[in-house]
Amino acid sequence: MEAVQTPSRSLIHARGLVKRFGSFTAVDGIDFDVEPGEAFGFLGPNGAGKTSTMRMIGCVSPVSGGSLRVLGMDPAVDGARIRARLGVVPQADTLDLEISVEDNLFIYGRFFGLSRARARQRARELLEFVQLTDRARDDVEPLSGGMKRRLVIARGLVNEPDLLLLDEPTTGLDPQARHLVWDRLYRLKQRGVSQVLTTHYMDEAEQLCDRLVVMDKGRIVAAGSPRELIDRYSTREVLELRFPADARISLDGLPDGLAERVEVLPDRVLLYTADGEAAIAGVHQRGLVPVSSLIRRSTLEDVFLRLTGRSLVD
Amino acid sequence: MSLGGAAVVLERDLLNYRRTWRGSLIVSFISPVLFLAAMGLGLGSLISHGQHRLVEGVPYLDYLAPGLLAATAMQTAALESMYPILAKMMWDKIYDSILATPVQVREVFLGEIAWLVVRVAIVTVAFFAVMVLFSAVHSPLGLLAVPLTILTGLAFGAPFFAYTANQRNDTGFAALNRFVVIPLFLLAGTFFPIANLPLVFQVFAWVTPLAHGVALVRAATLASPIAPLAAAVHLTVLLGYSGVGIGLGLRGFERRLGE
């Protein structure tokens, strides 16, 4: 079992990877590979094991079982050497509130062993890259959420990493700030920086990831490109129908010939179908009169909800 | 074993200090001036009233000053080793971000120990300079008080680091201050000879480092003779607390941050 062949080009290679905290199993035997140059996503609800997986890849949390190779090395043996080539953007902002914006980047460069002159230069370049140059001498605390996030991303780039780990990079940001972060991440990808990210935003996964895995309760429940996952687990289109609140319509037989799958929610009915126009015509033919109807393309969100369920996870 | 990271952890603390050093340094000078004026000169005039003009053969201010010096090192060490460390560990998660770099837990710990020593040294030198102004240092050998005071600070700071590494919130700090730091400040020979106390307090004083630090620092600044054996015991206690504290602190940091 131990003699797993490491594909020489994989940046990350995991087989049967496990993380336990006492009797709780956070990550329950997952397999995945991340190739150079790609953006790879972990998608899943809260508590799915995404952050635990990221912390093992980041060599800050010991592996409980299975095998893990990062940049061809073993985190248990070469943790420091691996970390030297990683950039980490953690979920919480973990910025240093006691020193200035620029010094946050400067000292982080120093932690990676850069000389003072080089660290200073790098800090200024990165402030430029994330559009924070005019805040260089300010305290961190008064920055907006989006600015702090950009600063954390800049910090993760200070050592010019081969692999950037982003744990929920845009959670809590407003739309403008999210798009700015996405733009910066896209540019980094163009420059060949490989990225591994976790998110529970489906649009983010579709925007950023070449390939992703969906995690639920510590396991991988699906893997592929966003398009592949939609094709495999959903239909081309989704017809959303709303009926009057008091209408107790009979949906028996509704799927026949109209949709591959029907989902009845408290406020609406979803018909998963290849052809939304045909489906709505069929609905009318059967004498059903919805208050409103909407035909949309299937998204990763449909895949996600199908795979991980609609019940609330805490 | 690489320790370069420890130097950068210290550098980070110095960057932080650079923002506040003026105010902090002024306090380091003003505080001993106030204490020595009020208690040394003011209270001392009552104590050395009448026939008993001297305490253990010297003016009260000269007796008091080395005790306050050592006690100040203890208080500085306590201040630096509790809230700021837990904040970096738990609230601001500064250590989490440092440990995502090649820096190791032991380097973080040793860097913080180094900063503690620097911080205590700054306060000690300022206090010592004030003592010189008050003519409370009786011989050039009194300079030995500086390293001895710093060692006293370390003998408190290192075990306090271990204590902090085991805290899940800040309530434990109030207890440590109330039951260790303040009682020692009052009872460990700072203001009067320990021998005047009931036995139980004497024992409490002598099993903790402050009384030993005070004894050594006082002998140094007063240039008073001290038995080699007594000096060796005092020094051993200070080094012992420092060494064991560093060991336990390192283990505490590894356990807390290694998950």
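Once a new chain begins, its residue numbering starts again from 1 and follows that chain's sequence as written. Ligands are numbered from 1 and chains lettered from A, in the order in which they are written. Given that this is a predicted model, residues contribute local features only at a pLDDT of at least 70 and side-chain atom pairs are listed and counted only at 80 or more, while totals for whole chains, interfaces and linings are drawn from all residues. With hydrogens and water set aside, each side-chain value is computed from the structure's full complement of heavy atoms.

**Student:** Explanation requested: the overall build of chain B in the structure shown.
**Tutor:** A tally of regular secondary structure across chain B gives 10 helices and 0 strands. Helical segments are the DSSP runs of H or I of at least four residues, strand segments are the runs of E of at least two, and each set is numbered from the N terminus. Listing the helices and strands of chain B from first to last along the sequence gives α-α-α-α-α-α-α-α-α-α. Here the radius of gyration uses the C-alpha set of atoms, whereas the globule reference equals 2.2 Å times the residue count to the power 0.38. Taking 18 Å as the expected radius of gyration for a compact globule of 259 residues, we find that chain B reaches 19 Å, a close match to that expectation. Seen through its C-alpha atoms, chain B measures out along the principal axes to roughly 65 × 40 × 35 Å. Think of it in three bands: residues with accessible area under 20% of the maximum for their type are buried, residues over 50% are exposed, and the middle band is partly exposed, with areas taken using a 1.4 Å probe on protein chains only. Looking at the 259 residues of chain B, the share that counts as buried comes to 52%. In this analysis, two residues are considered to be in contact whenever any of their non-hydrogen atoms come within 4.5 Å of each other. For chain B, long-range pairs separated by at least 24 residues make up 79% of all intrachain contacts whose partners lie at least 6 apart in sequence.

**Student:** Mind showing me how you'd approach the overall build of chain A here?
**Tutor:** The number of helices and strands found in chain A is 10 helices and 13 strands. Each principal axis of the C-alpha atoms in chain A carries an extent, and together these give about 75 × 55 × 35 Å. Nonlocal contacts in chain A, meaning residues at least 24 apart in sequence, comprise 68% of its contacts between residues at least 6 apart. With an accessible surface of roughly 14400 Å², chain A has 48% of that area assigned to carbon and sulfur atoms. Here chain A holds 42 positive side-chain charges and 45 negative ones, and the gap between their average locations is 4 Å. The Shrake-Rupley method, run with a 1.4 Å probe, gives the accessible areas here. Residue values count only the displayed protein chains as cover. His is not counted, nor are the chain ends; Lys and Arg add positive charge and Asp and Glu add negative charge. Charged groups are reduced to one reference atom each: NZ for lysine, CZ for arginine, CG for aspartic acid, CD for glutamic acid.

**Student:** For this particular structure, what's the right way to read the interface of chain A and chain B?
**Tutor:** A common measure of how large an interface is: the accessible area buried when the components associate. Taken together, the 27 residues of chain A in the interface contact 22 residues of chain B. A buried area of about 2300 Å², summed over both sides, lies between chain A and chain B, and 55% of it is on carbon and sulfur atoms. Two parts placed together each lose some accessible area under a 1.4 Å probe, and adding up what both lose gives the buried area. The largest per-residue losses of area from chain A upon contact with chain B belong to Arg-83, Glu-98 and Phe-111 of chain A, which jointly make up 30% of the total buried on that side. A carboxyl oxygen of Asp or Glu within 4 Å of a side-chain nitrogen of Lys or Arg is what we treat as a salt bridge. Summed over the shared surface of chain A and chain B, the number is 6 salt bridges. Glu-11 of chain B serves as the salt-bridge partner of Arg-116 of chain A, at 3.3 Å between the closest nitrogen and oxygen. Side-chain atoms alone can form a polar contact between residues adjacent in sequence; in general such a contact is a pair of N or O atoms within 3.5 Å, and within protein one must be able to donate a hydrogen while the other accepts it. Our count for the contact surface shared by chain A and chain B stands at 11 residue pairs in polar contact (both at pLDDT 80 or more). For the side of chain A that touches chain B, the elements supplying multiple residues, two or more each, are β1 (12-21), α2 (75-83) and α3 (101-111) of chain A. It is α3 of chain A that provides the largest number of residues to the side of chain A that touches chain B, a total of 6 residues. Residues are grouped as follows: nonpolar covers Ala, Val, Leu, Ile, Met, Phe, Trp, Tyr, Cys and Pro; charged covers Asp, Glu, Lys and Arg; every other residue, Gly included, is treated as polar. Looking at the side of chain A that touches chain B residue by residue, the classes come out as 14 nonpolar, 3 polar and 10 charged.

**Student:** Mind showing me how you'd approach the pairing of strand β8 (residues 211-216) of chain A here?
**Tutor:** Successive residues of a regular strand alternate their side chains across the two faces of the sheet. Residues and elements named next belong to chain A. The buried count for β8 comes to 5 of 6 residues, which makes it a mostly enclosed element. Strands pair, by our definition, only if DSSP identifies at least two bridges between them. Of the pairings in the sheet, the one linking strand β3 (residues 39-43) to β8 comprises 4 bridges and is parallel in character. Within β8, the residue paired with Phe-40 across the bridge is Arg-211. Pairing between β8 and strand β9 (residues 219-224): 5 bridges, direction antiparallel. Paired with Asp-216 across the two strands is Arg-219, which belongs to β9. Taken together, β8 and the strand that follows it, β9, pair antiparallel across an intervening segment of 2 residues, in which Lys-217 is found at a positive phi of about 50°.

**Student:** Teacher, can you tell me more about the sheet that holds β1 of chain A here?
**Tutor:** The strands making up a sheet are joined through hydrogen bonds of the backbone, oriented either antiparallel or parallel. Residues and elements named next belong to chain A. Overall, antiparallel pairing links the 3 strands, which are arranged β2-β1-β4 in an open sheet. The open sheet has two free edges, formed respectively by β2 (24-34) and β4 (65-70), since each of these has just one partner strand. On average, each strand axis in the sheet is inclined to that of its neighbour by 25°, with strand direction left out of account. Across 5 bridges, the pairing between β1 and β4 is antiparallel. When the bridges of β4 are listed, Ala-14 appears paired with Leu-68. Orientation is described by axes fitted as lines to C-alpha atoms, over the contacting stretch for helices, and by angles from 0 to 180 degrees between their N-to-C directions. Along the sheet, helix α1 (residues 50-57) makes contact with β1, β2 and β4, crossing β2 at roughly 60°.

**Student:** When you look at a nonpolar patch on the surface in this model, what are you seeing that I'm missing?
**Tutor:** Patches here: salt-bridge-free residues with over 30% relative accessible area, like charges joined within 9 Å, nonpolar side chains (Val, Leu, Ile, Met, Phe, Trp, Tyr) joined within 5 Å. Judged by side-chain polarity, Leu-199, Val-203, Val-207 and Tyr-241 of chain B come together as a nonpolar surface patch covering roughly 370 Å² of accessible area. The residue Val-207 of chain B is located in helix α8 (residues 199-207) in this model.

**Student:** Which parts of the structure should I look at to understand empty space enclosed by the protein?
**Tutor:** If a probe as big as a water molecule is rolled over the atoms, it shows which places are left empty. Buriedness of a pocket was judged along seven lines, with at least five required to meet protein on both sides within 12 Å; pockets are open sets of points on a 1 Å grid over the protein atoms alone, cavities are sets where a 1.4 Å probe fits but cannot get out, and lining residues have an atom within 4 Å of a point. Grid points are joined across faces, edges and corners, and a volume is the space filled by probe spheres set on the points. The tally for this structure, following the rule as stated, stands at 2 cavities of 30 Å³ or more. The computed volume of the largest cavity comes to approximately 70 Å³. In this structure, the largest cavity is lined by Thr-94, Leu-95, Asp-96, Asn-104, Ile-107, Tyr-108, Phe-111 and Arg-155 of chain A together with Arg-12, Ile-94, Ser-97 and Ile-98 of chain B. When contributions to the lining of the largest cavity are tallied by element, the ones reaching two or more residues are α3 of chain A together with α4 (94-99) of chain B. Tallying contributions element by element places α3 of chain A first for the lining of the largest cavity, with 4 residues. The calculated volume of the second largest cavity comes to roughly 30 Å³. Together, Leu-86, Gly-87, Val-88, Tyr-108, Phe-112, Arg-155, Gly-156 and Asn-159 of chain A together with Ala-100 of chain B line the second largest cavity. Among the secondary structure elements, those contributing two or more residues to the lining of the second largest cavity are β5 (86-89) and α5 (145-156) of chain A. With 3 residues, the top contributor of residues to the lining of the second largest cavity is β5 of chain A. Its residues assigned to classes, the lining of the second largest cavity comprises 5 nonpolar, 3 polar and 1 charged.

**Student:** Which parts of the structure should I look at to understand the confidence of the model for chain B?
**Tutor:** Close inspection of predicted coordinates is inappropriate for parts of the model with low pLDDT. Per residue, pLDDT captures the predictor's confidence, and it can take any value from 0 to 100. Per-residue pLDDT for chain B has a mean of 92; in total, 97% of the residues score no lower than 70. Across the interfaces of the predicted complex, the ipTM metric reaches 0.90, alongside a pTM of 0.88.

**Student:** Please explain the nonpolar core as it appears in this structure.
**Tutor:** The nonpolar side chains of a soluble globular protein tend to be buried, and buried together. Side-chain atoms within 4.5 Å link the members of a nonpolar core, which is a set of buried Ala, Val, Leu, Ile, Met, Phe, Trp, Tyr and Cys residues. Counting residues in hydrophobic clusters, the biggest one holds 153 residues, and the most contacted among them are Phe-32 and Phe-42 of chain A together with Phe-253 of chain B. Top contributing element to this core by residue count: helix α2 (residues 60-81) of chain B, with 13 residues. Counting residues in hydrophobic clusters, the runner-up holds 11 residues, among them Ala-259, Ile-280, Val-283 and Leu-288 of chain A.

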